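# Per-entry structural report
Listed below are the residues making up each chain.
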Amino acid sequence: FNNNNNNNNHSYNYHNVRFKSVVPTGSATGGTIVDGSINKDALDDPQDVIDEQHRQGKPWMWDMGLPTLVPEWKRAFFTPSTILTDVSAGITVGCIAVPLSLAIAVASGVPAEVGLVTAAVSGVAGGLMGGTTLAVTGPAAAISLLVIGAVHEHGLEALPLITLGCGGLQLISGVTRLGVAAKLVPVSVIAGFTTGVGVMILSGQAPKALGLTSAPAGMNPIETAYYCAEHLLHVNPAAAALAAGTSAAMIFLPKLHPKMPSALLAVGGATVATHSLGLDVGLIGQIPSGLGAFQLLGMPTMPSVSEWPSLFATTFLIYAMTSAESLLSCAALEKMKKTSYKHNPDQELIGQGLANIASGAFMGMPVTSVIARSSLNVKLNAHSRLPAIVQAGFVFGGVVLFSETISSIPMPALSGMLITTGMFMLNPTEFKHCYAVEKMDTIPFLATIGGMMSYGLAEGIGIGCVTAACLIYDYGKLHAHEILLPLKATTRATQQSRPIEDGKLLSDDQALINQQQDDNSMTTAWQLQGPINFRNMMEIEDLILRIKASESVQQGNDPIVLDMQGVSSVEFTGVEELANRLIEVSEDRGATVQMWNCSDNLQNALAQCDPKQLIAANGRQSSDEIAPYTFPTTVMGMEDLDQTPRVAPMYADSIHFIPRKEEQKEKDSKR
């Protein structure tokens, strides 16, 4: 070991590879640390303040993220060049939100107006305080079955209490920076949950779409199919036609024009047809009009002590799934369009927590960041948070001004909307990626669906998570070591180009030693050891923070180099998180990302997670041939210290490596 203490930079050689640890003295923008505290005034980017706090062990966001959000609000409301575009996008998204919120409320077993009130109230809180600029918050079809289960078990009067509890847990998770913990659910389980919900929505709405209003509740898909086949003679043709027409309009209208409010046109057309033709179908019915629809929650009726464990379990399940759904949606949204505000999962949980608290305060239902309305927001070329506020105002105006019109919407039209939504949920892109990386991910995917169908939503998710955990055969911890790699061009000392010192020609050994002691001929790299899977999300988060803190990344001088030869196994959820976070750092700091010595499985996983190939992933053979660096042949923590380590030839001349006598004799004879 060779320690040099100079300006708080400590470097040492380990098996002829220089390892480096840096005591942070500030950020790239001039921030400093004085007496353990941060000089925030010297930091230009508010996100740097958050990262610096995290590195110092002060991760809690007591300020609710307001230092980073206030500039966002100024851009949203005081940028004349984008206001018209954002208002137009908000109105279009609102046209989708009104009928969809009605349909989800009906599917959740709550009054129709609850869906509208929830969308109006939560849209403002989530839009202002969320962790993604273009995200839209509201009721989600994927959560509707969790809500109907909660209502069935605990009653409608307990739903606001559950919503408040869910929001409180999300708020605590965001403030304490546990956003990464919500990502511990494997993507294969999330995909199975989404597909299972889609199947259950289809089976639940099929009898209603056919006009079989007397169908018993709680049937599984097989029982529903048998019931519909048994009662074909009692099908209402008008109801079936309205449902089929609404579904077809929602599928084909966007193909004519992607910005068309297909849901509003489909439901509006069905409503006009119902009343102009006098069709005999069920309607939504009377809903509260004006501001009377927005009623603050009074003192909630507390359940008996014996019901508390069940109520908490239901609340926790909804909290876990709404959090995971929101973070997945926002991560996907961030890939669609980059904004000046970087996606922050902790801030997203704060925003969703406040949105759920606001919804519960007005006797609403749980909400998430919904990908369908958010992606439409992106397609409409939105720039700021203003569209989320405008769409919430549009829904509010619909409740206050057009309650009579809303009450005349036919129920089969809403069933047709939900059937279309369920069909879109049957083809989860996430599972395709999981299957391409690891065929065994089919097992937790199918286990989740089977458990949901056989036992219930909570049981299905639990079965899927346990199955996924059992399939992870590599339970090791992911380690990352910061090392200094020599550049091939500067480490290859030859007889013809040996430098002269004090009038004497230096030997190969001494020339190489001098070059290794010069940091300018070295590049900072990160050597990973262990498995990359969903169990190591915390380690991935720590690695990203350390990369952000490194001087080379802050200054933007060098690429982000990762030596992956020590990675023992890969799983899609972990690789996707690592790739997304590295791309985020790359785009933020202006540095490229290079992965060397990647296994075939890792390269395949990166191809699924990074289709634009923003990360340069190189296999082991190509790393030996084209890499500008010389990599160690031993991995930190994996070598046998009782034996002479096997190192690359150009490392063998280091003073910190004493070769065997036979090897030294052979080298001397060649010279």
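A brief structural summary. (Residues numbered from 1 in each chain as written. Predicted model: local features only at pLDDT ≥ 70, side-chain atom pairs only at ≥ 80, totals over all residues. Heavy atoms only, no water.)

## As for the overall build of the protein chain
The condition that has to hold: Numbering of helices and strands starts at the N terminus; helices are DSSP runs of H or I of at least 4 residues and strands are runs of E of at least 2. Working definition: with a 1.4 Å probe on protein chains only, accessible area under 20% of the residue-type maximum means buried, over 50% means exposed, and in between means partly exposed. Note on definitions: a residue-residue contact is assigned when non-hydrogen atoms from the two residues lie within 4.5 Å. Note on areas: Shrake-Rupley with a 1.4 Å probe; residue coverage comes only from the protein chains shown.
Scanning the protein chain from terminus to terminus reveals 27 helices and 14 strands. By the burial criterion, 54% of the 671 residues in the protein chain qualify as buried. In the protein chain, the share of contacts with a sequence separation of at least 24, taken over all contacts with a separation of at least 6, comes to 78%. Working note: accessible area of the protein chain is about 29400 Å², and carbon and sulfur atoms make up 60% of it.

## Regarding helix 6 (residues 159-175)
Keep this limit in mind: Helix span is expected to be 1.5 Å times the residue number reduced by one.
Look at helix 6: 24 Å from first C-alpha to last across 17 residues, which is about the 24 Å you get at 1.5 Å a residue. The set of residues buried in helix 6 consists of Leu 159, Pro 160, Ile 162, Thr 163, Cys 166, Gly 167, Gln 170, Leu 171, Ser 173, Gly 174 and Val 175. Each element contacted by the buried residues of helix 6 is listed here: helix 5 (141-154), helix 11 (308-336) and helix 12 (345-361). Phi for Arg 177, located one or two positions after helix 6, is positive at around 60 degrees.

## Some words on helix 22 (residues 537-549)
End to end, helix 22 covers 19 Å across 13 residues, agreeing with the expected 18 Å (1.5 Å per residue, within 8%). Those residues of helix 22 lying buried are Met 537, Glu 539, Ile 540, Glu 541, Leu 543, Ile 544, Leu 545, Ile 547 and Lys 548.

## Here's the deal with a nonpolar patch on the surface
The cut-off we apply is this: Patches were defined on residues exceeding 30% relative accessible area and lacking a salt bridge, with like-charge contacts within 9 Å and nonpolar side-chain contacts (Val, Leu, Ile, Met, Phe, Trp, Tyr) within 5 Å. Salt bridges are identified by distance alone: a Lys or Arg side-chain nitrogen within 4 Å of an Asp or Glu carboxyl oxygen.
On the surface, Met 302, Val 305 and Trp 308 cluster together into a nonpolar patch covering about 330 Å² of accessible area. For Val 305, the position within the fold is in the loop between helix 10 (262-277) and helix 11. Look at Val 305 and you get exposed, because its relative accessible area is 59%.

## Points about the pairing of strand 8 (residues 479-486)
So the rule is basically this: Two strands pair under a simple rule: DSSP has to find at least two bridges between them.
For strand 8, the tally of buried residues reaches seven of eight residues, placing the bulk of the element in the interior. Note: strand 8 against strand 11 (residues 522-532), eight bridges, orientation antiparallel. Looking across to strand 11, one finds that Pro 486 is bridged to Met 522.

## Structural notes on the packing of aromatic side chains
Stated precisely, the cut-off is as follows: Each Phe, Tyr or Trp ring (for Trp, its six-membered ring) is paired with any other whose centre lies within 6.5 Å, and the angle between the two planes then decides the class: stacked below 30 degrees, edge-to-face above 60, tilted in between.
Across all of its chains, the model carries eight aromatic pairs by this definition. Pairing Trp 596 with Tyr 629 gives two aromatic rings, centres 6.3 Å apart and planes at 85 degrees, and the pair type is edge-to-face. Within this pair, whereas Trp 596 is found in strand 13 (residues 593-598), its partner Tyr 629 is found in the loop between helix 26 (620-626) and helix 27 (661-670), the two being separated by 33 residues in sequence. The exposure classification of Trp 596 matches that of Tyr 629, with both residues buried. Between the aromatic rings of Trp 596 and Phe 631, the centroid separation amounts to 6.2 Å while the plane-to-plane angle is 40 degrees, which identifies the pairing as tilted. With Trp 596 in strand 13 and Phe 631 in the loop between helix 26 and helix 27, the pair connects residues that are 35 residues apart, well separated along the chain. Each member of the pair Trp 596 and Phe 631 is classed as buried. An aromatic cluster of at least three residues, connected via ring pairs, comprises Phe 294, Phe 362 and Phe 396.

## Some points on unusual backbone geometry
Located in the positive-phi region is Arg 177, a residue other than glycine, with phi close to 60 degrees. Relative to the helices and strands, Arg 177 resides in the loop between helix 6 and helix 7 (187-209). On the basis of relative accessibility, which here comes to 11%, the residue Arg 177 falls in the buried class. Phi is positive for Asn 597, which is not a glycine, with a value near 60 degrees. As for its placement among the helices and strands, Asn 597 is situated in strand 13.

## Topic: the pairing of strand 12 (residues 560-570)
What counts is decided by this rule: The crossover handedness rule: strands pointing away from the viewer, path from first strand over the helix to second strand clockwise, crossover right-handed.
Of all eleven residues making up strand 12, nine are buried, and the element is well covered by its neighbours. Relative to strand 12, strand 11 is paired through six bridges, and the arrangement is parallel. Its bridge partner lying in strand 12, Trp 526 is registered against Leu 562. Pairing of strand 12 with strand 13 involves four bridges; the strand directions are parallel. From the neighbouring strand, Val 561 faces strand 13, where its bridge partner is Gln 594. Running through helix 24 (residues 572-589), the crossover from strand 12 to the neighbouring parallel element strand 13 is right-handed.

## Digging into the pattern of salt bridges
Counted under the stated rule, the structure contains seven salt bridges. The residue Asp 542 makes a salt bridge to Arg 546 at a minimum N-O spacing of 3.9 Å. Note that Asp 542 and Arg 546 are positioned in helix 22 at a spacing of four residues, about one turn of the helix. With a relative accessible area of 40%, Asp 542 lands in the partly exposed category. Beyond isolated ion pairs, a larger network of salt bridges with shared partners links Glu 541, Lys 548, Glu 577, Arg 581 and Glu 584.

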